[in-house]
Amino acid sequence: MEAEIESYGTEHVLKRILTESRPGPLRFPKSEPFGPKNSHCPLPQWLTQEDLNYNLQKFQQKGFTGPLNYYRALDLNWELTAPWTGVKIRVPVIFVVGDKDPLYTTPGTKTYVQGGGFKNDVPLLQQIVVLEGAGHFLSQENPQKINDIVLDFIKNF
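The text that follows walks through the structure, step by step, so that each part is easy to find. (Residues numbered from 1 in each chain as written. Predicted model: local features only at pLDDT ≥ 70, side-chain atom pairs only at ≥ 80, totals over all residues. Heavy atoms only, no water.)

What to know about the packing of aromatic side chains
- This model, assessed by the stated rule, comprises eight aromatic pairs.
- Linked through ring pairs, Tyr8, Phe28 and Phe34 together constitute an aromatic cluster.
- Lys37 extends its terminal NZ or CZ atom over the ring of Tyr8, reaching a point 5.0 Å from the ring centre. (Phe/Tyr/Trp six-rings, centres within 6.5 Å; stacked < 30°, edge-to-face > 60°. Lys NZ or Arg CZ within 6 Å of the ring centre and 35° of its normal.)

Have a look at this one:
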């Protein structure tokens, strides 16, 4: 995967990752995993060129191997956390998600979150907030809205 990323260039790959809005799990097809190489990918309103340049500098220095290794180790993470399978989260929680988040739109997730499965696993779930038009990077996409939601939530304690 690192070779594919290098062939596209860091800027192209970061733009594609940060602006992905297709519903469902992230998919990287074998052919053109980050779209056509010559395609233009405009920045969303919430992402400035300055912010992108900062991230570009960091990824150009360190590469993508570290972040990719997180996903490569998912099976190991499941094994390591097996002792906590079924343990309930027993602290007050607010769950905030964007309605265009690829994780939220993955088949089965909305049903789990909205249909009671999540509340069963997180008994002190206080509220579920689904932000219309938002994706995965909520604090960047809607900073004031996220601040307001968090502040309103912690006022309860």
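After that view of the structure, there is still more to cover.
Comments concerning the pattern of salt bridges
- Summed over all chains, the structure comprises three salt bridges.
- Here Lys15 ties to Glu11 by a salt bridge, and the two come within 3.5 Å at their closest N and O atoms. Of this pair, Lys15 and Glu11 are both found in helix α2 (residues 10–19), four residues apart, which corresponds to roughly one turn of the helix.
- For Lys15, a relative accessible area of 14% translates into the label buried. (Salt bridge = Lys/Arg side-chain N within 4 Å of Asp/Glu carboxyl O. Helix = DSSP H or I, 4+ residues; strand = E, 2+ residues; numbered from the N terminus. Buried < 20%, exposed > 50% of the residue type's maximum accessible area, 1.4 Å probe, protein only.)

Examining the packing of α2 against helix α3 (residues 49–62)
- Running from N to C, α2 and α3 point in directions that differ by 120 degrees, and their axes come no closer than 10 Å. When the interaxial angle is binned, α2 and α3 end up oblique. Crossing of α2 against α3: the hand is right-handed. Contacts between α2 and α3 pair Thr10, Glu11, Leu14, Lys15 and Leu18 from the former with Gln49, Leu52, Asn55, Leu56, Phe59 and Gln60 from the latter.
- Split by residue class, the contact of α2 with α3 holds five nonpolar, four polar and two charged. (Axes fitted to C-alpha atoms, helices over the stretch in contact; angles between N-to-C directions. Parallel < 35°, antiparallel > 145°, perpendicular 65-115°, else oblique. Left-handed = near helix turned anticlockwise from the far one by under 90°. Contact = heavy atoms within 4.5 Å. Nonpolar A, V, L, I, M, F, W, Y, C, P; charged D, E, K, R; others polar.)

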